[in-house]
Amino acid sequence: MKTFSRHIAVSLLIIATLLAFCPNLASAATVTVAIGNNCLCFSPESVTIHPGDTVHWTWSSSGHSTTSGSPGMPNGMWDSGIQSQGHTFDRTFNTAGSFNYYCTPHGACCGMTGTVTVTNASASPTPTPTGTPGSTPTPTPAVTTSPATNVASLSATLNGSVNPRGATTTVNFQYGLTTSYGSTTATQTKTGNTVQAVSANISGLTANTTYHFRIVAHNGGGTSFGADRTFTTLTATGPPVVSTSAATLIASFSATLNGSLDPHGLTTTVSFQYGTTTSYGSTTSMQTQTGNTYRNIVANVSGLMASTTYHFRIVATNSAGTRMGSDRTFTTLSTTGAPVALTNPATLIASFSATLNGLVDPHGLTTSVHFQYGPTTSYGLTTSPLSRSGNTYLNTASGISSLSASTTYHFRVVASNSSGTSMGSDSSFTTLAATGAPVVTTGSATNVTSSSATLNGSLDPHGLMTTVSFQWGTTTSYGHTTAMQSQTGNTYRNIAASISSLTTHTTYHFRIVATNSAGTRMGSDRTFTTP
């Protein structure tokens, strides 16, 4: 009997020890990831869980998938298939490791990727006598080299991912004609303890040539190298390279069609075909493009029918041939419904003020629009409401003031009508320091005649007495300067100067230039041509 009791006691002790040191045996967690929540993204993009935990994906919009692997390179571990809004998909992870995944339609074109990192749960060790604690070694960063994208004749985009593992980490790419590489991209700094995507654009390459590359990351724990990958640049000239991207700004009777194009060294015409079937039937206006780099192509279409599915694709032609992107679809909104709200980046960010921006489709009903803002995602402050109506996306902006210098603020747009309320995603901005070098932007020339023009720009003196003028001339050496103006304060203001004695049928360059005790800033170069 004593032996039996002793066996029971030993069994209970073993079970208690397993539960203490293997918490996953006791309980498992479920982590939710939203798909397409007002963006082409997974939210959150990266999650860290323990063996036995489950990731629960929920579709916030239609036309997305969660597929294991890298864009265009599924590894077969899981694939939800392309699903509609409201769908869910679960997967339980039982082994430690880093698992990349992507959206099949939007991974390659739009960077819609995510990562699940599975780490063993920390056990609770038996306490030891207190002594002088030793320093914990910094773990080396974890890196993965991903396939290159936007591969053109003379340029490409290198991709990878890094987990800094809790330490400030520098990361870049090595590339060259051999595995000795020889060239390095600019260094980027990453922090945190999650897997983060890293990309770098490279140029000055040779056409029709194979290049090697890998990601490299360094922190206090050491240096990590990703696996070697290769890509081959395109020939110097050839048929255009096209890709159809997802439609955006989809309203009841209109939408924006998107795609990417590399003209491949030849003058290329590009447009979109669209219609209610794959026979299309309608075509957007032709655009002409040249060069050897990828660029986004956009076309707005209107006169559509509400609650209707449309097909579209990008089509490009040059002297070497015609290429068509894959077919994509979108469905227009109903005639009326809850508003659609999108938060856009803040602009005119000064020391104590900023302008908040958003896009709102009132969706056929009178809609009230405002912004929430504050130092946290609890916001706390609200702009005055604005009234909007119609069935197209409208720019909405509100200026805010009485902010604190050198402070990060969060904000989002909020729209309400009789069918419901929609909130844009959270965005943030950081106000400028109380004083500093001036901030300038060169605007467009106006009132252009055969002999005169008005040069325009914007200026924030950034809290210091600032002198501002325009440089102008027939080359980027300029040669002429307008009269100096003096400005002070911490808000943006328009700056204008008239110039004369110009020559007909001549292209002129100009830029705004401002100087204060903290430095000199120059706006970008702009041009105009006299009639």
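Predicted model only: the values in this text are computed from it and were never measured.

Enquirer: Where do I start with the overall build of the chain in this structure?
Expert: Along the chain, the regular secondary structure elements total three helices and 45 strands. Projected onto its principal axes, the C-alpha positions of the chain cover 115 × 65 × 65 Å. For the chain, buried positions account for 43% of its 531 residues. Considering only contacts in the chain between residues 6 or more positions apart, those separated by 24 or more positions represent 64%. With an accessible surface of roughly 25,400 Å², the chain has 52% of that area assigned to carbon and sulfur atoms. Side chains of the chain give 17 positive and 11 negative charges; the mean places of these two sets differ by 6 Å.

Enquirer: Explain the side chain of Asn-456 to me, please; I cannot follow it from the model alone.
Expert: Tracing the chain through its elements places Asn-456 in strand 38 (residues 453-460). Within the structure, Asn-456 has its side chain in polar contact with the side chain of Thr-446 (distance 3.0 Å). Non-local contacts of Asn-456, meaning those with residues more than four positions away in its chain, are made with Thr-442, Gly-443, Ser-444, Ala-445, Thr-446, Phe-470, Ile-495, Ala-496 and Phe-510.

Enquirer: I keep staring at the sheet that holds strand 11 (residues 156-163) and nothing clicks. Help me out?
Expert: Sheet strands pair by backbone hydrogen bonding; their relative direction is either parallel or antiparallel. Spatially, 10-11-15 is the arrangement adopted by the three strands of the open sheet, whose pairing is antiparallel. In this open sheet, the two edge strands, each paired with only one partner strand, are strand 10 (142-149) and strand 15 (196-202). Each adjacent strand pair in this sheet contributes to an overall mean axis angle of 20°, direction not counted. Relative to strand 15, strand 11 is paired through seven bridges, and the arrangement is antiparallel. Each residue of the ladder has a partner; that of Val-162, found in strand 15, is Gln-196.

Enquirer: Looking at this structure, I do not really get the nonpolar core. What am I missing?
Expert: Within soluble globular proteins, side chains that are nonpolar tend to cluster in buried spots. Within the largest apolar cluster, 18 residues are counted, with the highest numbers of intra-cluster contacts made by Leu-158, Phe-173, Ile-202, Leu-205, Phe-213 and Phe-231. At the level of elements, strand 10, strand 11, strand 12 (169-176), strand 15 and strand 16 (210-219) are the ones that each hand at least two residues to this core. Tallying contributions element by element places strand 16 first for this core, with four residues.

Enquirer: I'm lost on the environment of Cys-39 in this one. Help?
Expert: Positionally, Cys-39 belongs in the loop between strand 1 (30-35) and strand 2 (42-43). Between the C-alpha atoms of Cys-39 and Thr-475, which are 436 residues apart in sequence, the distance is 42 Å.

Enquirer: Explain unusual backbone geometry to me, please; I cannot follow it from the model alone.
Expert: Only a minority of non-glycine residues have a phi that is not negative, and only a minority of peptide bonds are not trans. Note the cis peptide between Ser-43 and Pro-44, where omega equals 0°. You can see Pro-44 is positioned in the loop between strand 2 and strand 3 (46-49). In this model, Ser-402 sits at a positive phi of 60°, which is unusual for a non-glycine residue. In this model, His-505 sits at a positive phi of 55°, which is unusual for a non-glycine residue. Within the element layout of this structure, His-505 appears in the loop between strand 42 (493-499) and strand 43 (507-516).

Enquirer: Looking at this structure, I do not really get the packing of aromatic side chains. What am I missing?
Expert: Per the stated rule, a full pass over the model turns up 16 aromatic pairs. Through a chain of ring-to-ring contacts, three or more aromatic side chains come together here, namely Phe-42, Trp-57, Trp-78, Phe-89, Phe-93, Phe-99 and Tyr-101. Lying over the aromatic face of Phe-93, Arg-91 brings its terminal NZ or CZ to 4.8 Å of the ring centre.

Enquirer: So what exactly am I meant to see when it comes to the environment of His-363 here?
Expert: Tracing the backbone through its elements, the reader meets His-363 in the loop between strand 29 (354-361) and strand 30 (367-374). Remark: the alpha-carbon pair of His-363 and Asn-300, spanning 63 residues in sequence, is separated by 17 Å. The residues touching His-363, leaving out its near neighbours within four places in the chain, are Ser-252, Leu-333, Ser-334, Thr-335, Thr-336, Gly-337, Ala-338, Pro-339, Gly-390 and Asn-391.

Enquirer: Just to check I follow, could you spell out the sheet that holds strand 37 (residues 439-442) for this structure?
Expert: If you walk across this open sheet you meet the three strands as 37-38-42, and the pairing is antiparallel. In this open sheet, the two strands that pair with only one neighbour each are strand 37 and strand 42. Strand-to-strand twist in this sheet, taken as the mean axis angle between neighbours without regard to direction, amounts to 25°. Pairing of strand 38 with strand 42 involves seven bridges; the strand directions are antiparallel. Counted as the bridge partner of Gly-457 is Ile-495 from strand 42.

Enquirer: How should the side chain of Thr-169 be read in this particular structure?
Expert: Relative to the helices and strands, Thr-169 resides in strand 12. On the basis of relative accessibility, which here comes to 0%, the residue Thr-169 falls in the buried class. Engagement of the side chain of Thr-169 in a polar contact is seen with the backbone oxygen of Ala-167, the distance being 2.9 Å. One polar contact links Thr-169 to Asn-219, side chain to side chain, over a distance of 3.4 Å. Once residues within four sequence positions are removed from consideration, Thr-169 is found in contact with Pro-141, Val-162, Pro-164, Gln-188, Thr-189, Lys-190, Ala-217, His-218 and Asn-219.

Enquirer: Teacher, can you tell me more about the confidence of the model for the chain here?
Expert: Detailed reading of the predicted coordinates is not advisable wherever pLDDT falls low. The predicted model of the chain averages 90 in pLDDT, with 92% of residues at 70 or higher. Confidence drops under pLDDT 50 across residues 123-132; counting only partners more than four residues distant or on other chains, this segment forms five contacts.

Enquirer: Explain the environment of Ser-302 here, please?
Expert: Position of Ser-302 relative to the elements: it lies in the loop between strand 24 (295-301) and strand 25 (309-318). Residue classification places Ser-302 among the exposed residues on the basis of a relative accessible area of 56%. Separated by 47 residues in the primary sequence, Ser-302 and Ala-255 place their C-alpha atoms 6.7 Å from one another. In this view, Ser-302 contacts Phe-253 and Ser-254; residues no more than four positions away in its chain are not counted.

Calculation criteria
Residues numbered from 1 in each chain as written. Predicted model: local features only at pLDDT ≥ 70, side-chain atom pairs only at ≥ 80, totals over all residues. Heavy atoms only, no water. Helix = DSSP H or I, 4+ residues; strand = E, 2+ residues; numbered from the N terminus. Buried < 20%, exposed > 50% of the residue type's maximum accessible area, 1.4 Å probe, protein only. Contact = heavy atoms within 4.5 Å. Areas by Shrake-Rupley, 256 points an atom, 1.4 Å probe, with all protein chains shown as cover. Lys, Arg positive; Asp, Glu negative; His and termini not counted. Charge placed at Lys NZ, Arg CZ, Asp CG, Glu CD. Polar contact = N/O pair within 3.5 Å; in protein donor to acceptor, adjacent residues only side chain to side chain. Pairing = 2+ DSSP bridges. Axes fitted to C-alpha atoms, helices over the stretch in contact; angles between N-to-C directions. Core = buried A, V, L, I, M, F, W, Y, C linked by side-chain atoms within 4.5 Å. Phe/Tyr/Trp six-rings, centres within 6.5 Å; stacked < 30°, edge-to-face > 60°. Lys NZ or Arg CZ within 6 Å of the ring centre and 35° of its normal. pLDDT = per-residue confidence, 0-100.

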